[in-house]
Every structure is written in C-alpha cells, then in structure tokens.
Amino acid sequence: MYEVLGSGYFKDFIVPLVSVFLTIAIKVVSRRDLFISPTRDDFAIGFDLLTTSLILLVMYSSKLAIDLQSKGSLNAEFCQKKLQILPWIITLAILFVWGLSSVVRIWGWQNNQNRILKLWPGVIIPLMIGVAALLLTVNFIE
Amino acid sequence: MAKKLILPIISMIISVTGLVIIFFKYDIGFQITPLLIGCFGVFTGFLLALTFVKIREKKPSLNVILAYTFSDREIGDEFAQSLEKYRIKVLSETERLGNDKFEIENQEIRNAQYVLVLISEHSRKSHYIDRIISLSKSNSKRIIPIVLDQAEVPKSISKYPIFFNHKEKNLDENTHDLADQLIHAI
C-alpha cells in the first residue's frame, strides 16, 4: 500500500484521474433518478478542479509549515523557499478564480434559458483551466 | 456586458502575470513528463466518467404499472410511449391479458413503485381495473388515478390524489406533456 501511495504515478496519474471521475460521477449520482440523463452542467467541473487545487495548496502550505517547525528538519531551506511563495500563489489563484467565476456568470450562460451553460465559455474554457491548475498543483507538490 | 467583463478580466490578467513572475523569479521547475502523465490521467478519468454515465443512463429509473382497458388503448399506448422516453419501465396492462394472469400481475405490481390507472367510462365497467386496484392496495402501492373523461373515480381509490382530471382541464395537452408533468409531480 505504501509503495502504491508513494509512487510518482499515484500523484501524477491516479490523483487527476480520480478527481475528474469522482467529480462527474458524484454530480450524476446525486441527482434524482428520473433526471439522470447527462447535461452540460455535469461536465462543467472546471471550478471544482480549481477549488481542489486551492485546497491542495493550502494543505501543502500547512504541511510545509509543520515540517519547518519540527526540530532537525533536513530540508528547512526547501520548506522556507516554498513557504515564501505559497501565500502569493494562493492569493493570486483566489483572485483568478474570482475573475473566472465572474466571466462565467456574465458570459457563460445562454440568453433566455434557465440554467443552461454555453459550451465554450461556460464549460470547456473553465474545464481546461481547472485541469491545468490541478496538474500544475500536483506537479508543484513534492 | 462588455463593461461588466472588464474588471474580472483585468483581475485574471494580473493574477496570471503574477504567477508567471513567481514562476521565473523563484525558478519553479515544472517537469514535462509528470504533466503529460497527468493529462493522460485526466483523459482516462473522463472516459471512465462517460462510460459510467452511459451505463447509468440505460438503467430504468422507475418501474410503473399503467393499467387501462382495451377501449382506452389508444391514449394508453401513447402515454406509455411518452413515459418510456423518461427511462421509465412501463408495464402496459390492458384487460386483453385476460383473467389467468393473476400471479404475473401480482408479481409485477409488487415490483412497481407506482400504479397509474386510467379512469374512464369504460374502465368503470372493467373487472380488470378493479382487480389491479385491489392488488395494488393489498401490496400498499401508491395509486395515481388519471381521469380521462366524465367518469367518477371509484370509491376504492377516492382517497388518492387525482393526477389529471378531464373535468377540471381539457385534454388538449398531448400525452408527452402529461408524462412530463407526471415526472415532475412524483
């Protein structure tokens, strides 16, 4: 088990796979049985992935801070370097998510239609940004 | 709309510029191979999710019994087809099935979540409809009466709320709309 969890493939391959699969599957499963036909909304998981990335970054910062505080930390310099930039990354990421969510709110919905997202500005662009954010975050975390 | 977009877009540009500056200033080296493996992981995750959605889509969401007499078969068959579009497994029962199918009917009613009964002048005279109502009640199933014409609802099911009543509304809606309303009502 340790070998599986500790392997680079788990972090680089399994984490993105499970994140994408679970986010879509849970959206579909949690809907009423009569309305389980897939909709665009099910695949609009860009913001979910962005939020996951932010939470991963916050947890990583917390872990680095704990490592730095522990006596005899072997990689104190590494922790300090990352902790210097992480608050900036998190702040800028939150600003980006706010901007993107406002763009989707204004531009991402079909006119005169209730709760129907536009394909590109509502689903695909946020999805691509979310996937990129998740992959970069997973790559950043060591 | 363009004015509203200015502030969010500026904030996105600022944040991306900031992230790029941090990337170069602190020399954060992203490795290409893990990123490519990650892309493959995301793609696989999507394929798995699509397969999951497709498998789930085929599963009937609800089992209902739609009981009507042979004389009402035209609207009954049409209504059954409309319900099937919502992945509802409809067991269309008409009095043509005869009286020797008591056990099968009993089994089917036990497996159903709802029993829809089309009430009409014809059905009032039908022993078959009476039997379906009696079986449904003995199996504690929720009966949904749908009144098609001027017929009175039988006393045995008068306590159940009527879903559609021809006396209150005209049946000018097509059966698809009726099915749609029923889906949202149950």
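The written sequence of each chain sets the order in which its residues are numbered from 1. Each chain takes a letter, starting from A, and each ligand takes a number, starting from 1, following the order in which they are written. With the structure being a predicted model, the display of local features is reserved for residues of pLDDT at least 70 and the display and counting of side-chain atom pairs for 80 or more, all residues being used for whole-chain, interface and lining totals. Side-chain metrics rest on all non-hydrogen atoms present in the structure, leaving aside hydrogens and water.

**Describing the overall build of chain B**
Part 1 of the argument: Summing up its helical and strand segments, chain B has seven helices and five strands in all.
Part 2 of the argument: Helix and strand definitions here come from DSSP, where helices need a minimum of 4 consecutive H or I residues and strands a minimum of 2 consecutive E residues; each element is numbered from the N-terminal end. When the elements of chain B are put in sequence order from the N terminus, they spell out α-α-β-α-β-α-β-α-α-β-β-α.
Part 3 of the argument: Exposed residues in this analysis have more than 50% of their type's maximum accessible area, buried residues have under 20%, and partly exposed residues fall in between, with area computed by a 1.4 Å probe over protein chains only. Out of the 186 residues in chain B, the part that is buried amounts to 42%.
Part 4 of the argument: For chain B, the proportion of contacts with a sequence separation of at least 24, taken over those separated by at least 6, is 70%.
Part 5 of the argument: Summed over its atoms, the accessible surface of chain B is roughly 10700 Å², and 58% of this surface lies on carbon and sulfur atoms. Note on contacts: a residue pair is in contact if any heavy atoms of the two residues lie within 4.5 Å. Exposure was quantified through the Shrake-Rupley algorithm and a 1.4 Å probe, taking into account, for residues, occlusion by the shown protein chains and nothing else.

**Some remarks on the interface of chain B and chain A**
Part 1 of the argument: On the side of chain A, 41 residues touch chain B, which itself brings 45 residues to the contact.
Part 2 of the argument: Every case where a carboxyl oxygen of Asp or Glu lies within 4 Å of a side-chain nitrogen of Lys or Arg is listed as a salt bridge. Our count for the chain B to chain A interface comes out at zero salt bridges.
Part 3 of the argument: Think of a polar contact as two N or O atoms within 3.5 Å of one another; within protein, one of them needs to be a possible hydrogen donor and the other a possible acceptor, and neighboring residues in sequence only count if both atoms come from side chains. Where chain B meets chain A, there are three residue pairs in polar contact (both at pLDDT 80 or more).
Part 4 of the argument: Where the side of chain B that touches chain A is concerned, the elements lending two or more residues are helix 1 (2–25), helix 2 (32–58) and helix 7 (175–185) of chain B.
Part 5 of the argument: For the side of chain B that touches chain A, the element with the highest residue contribution is helix 2 of chain B, accounting for 18 residues.
Part 6 of the argument: In terms of residue class, the side of chain B that touches chain A is built from 29 nonpolar, 11 polar and five charged. Classes in brief: Ala, Val, Leu, Ile, Met, Phe, Trp, Tyr, Cys and Pro nonpolar; Asp, Glu, Lys and Arg charged; the others, Gly included, polar.

**Structural notes on the layout of surface pockets**
The gaps of empty space that remain are located by a probe, the size of a water molecule, rolled over the atoms.
Part 1 of the argument: Cavities and pockets are found on a 1 Å grid laid over the protein atoms alone: a cavity is a set of points where a 1.4 Å probe fits but cannot escape, a pocket is an open set with protein on both sides within 12 Å along at least five of seven lines, and a lining residue has an atom within 4 Å of such a point. Grid points are joined across faces, edges and corners, and a volume is the space filled by probe spheres set on the points. There is about 580 Å³ of room inside the largest pocket.
Part 2 of the argument: Around the largest pocket sit 21 residues that line it, and I89(A), A132(A), A133(A), L136(A) and L19(B) are the ones nearest its centre.
Part 3 of the argument: Within the residue set of the lining of the largest pocket, elements represented by two or more residues are helix 4 (46–69), helix 5 (76–107) and helix 6 (119–140) of chain A together with helix 1 of chain B.
Part 4 of the argument: Per element, the largest residue contribution to the lining of the largest pocket is six residues, and it comes from helix 6 of chain A.

**So, unusual backbone geometry**
Part 1 of the argument: Backbone geometry at S140(B) places phi at a positive 55°, although glycine is not the residue there.
Part 2 of the argument: Within the secondary structure, S140(B) sits in the loop between helix 6 (127–138) and strand 4 (142–147).

**Considering the environment of R87(B)**
Part 1 of the argument: In this fold, R87(B) is placed in the loop between helix 3 (73–84) and strand 2 (88–94).
Part 2 of the argument: On a C-alpha basis, the gap between R87(B) and V117(B) in space is 19 Å, while along the polypeptide they are 30 residues apart.

**Focus: the pairing of strand 4 of chain B**
Side chains on a regular strand alternate between the two faces of the sheet.
Residues and elements named next belong to chain B.
Part 1 of the argument: Within strand 4, five of the six residues are buried, which leaves the element mostly enclosed by the surrounding structure.
Part 2 of the argument: Here the rule is simple: two strands pair whenever DSSP picks up at least two bridges between them. In terms of strand pairing, strand 3 (residues 114–119) meets strand 4 through six bridges, oriented parallel. The partner of L116 across the bridge, within strand 4, is I144.

**Some thoughts on helix 1 of chain B**
Part 1 of the argument: Expected helix span is given by 1.5 Å per residue-to-residue step, counting one fewer step than there are residues. Over its 24 residues, helix 1 of chain B extends 34 Å from the first C-alpha to the last, a length consistent with the 34 Å expected when each residue adds 1.5 Å.
Part 2 of the argument: On its buried face, helix 1 of chain B is in contact with helix 5 of chain A.
Part 3 of the argument: Where helix 1 of chain B terminates, the next one or two residues include D27(B), which has phi positive at roughly 50°.

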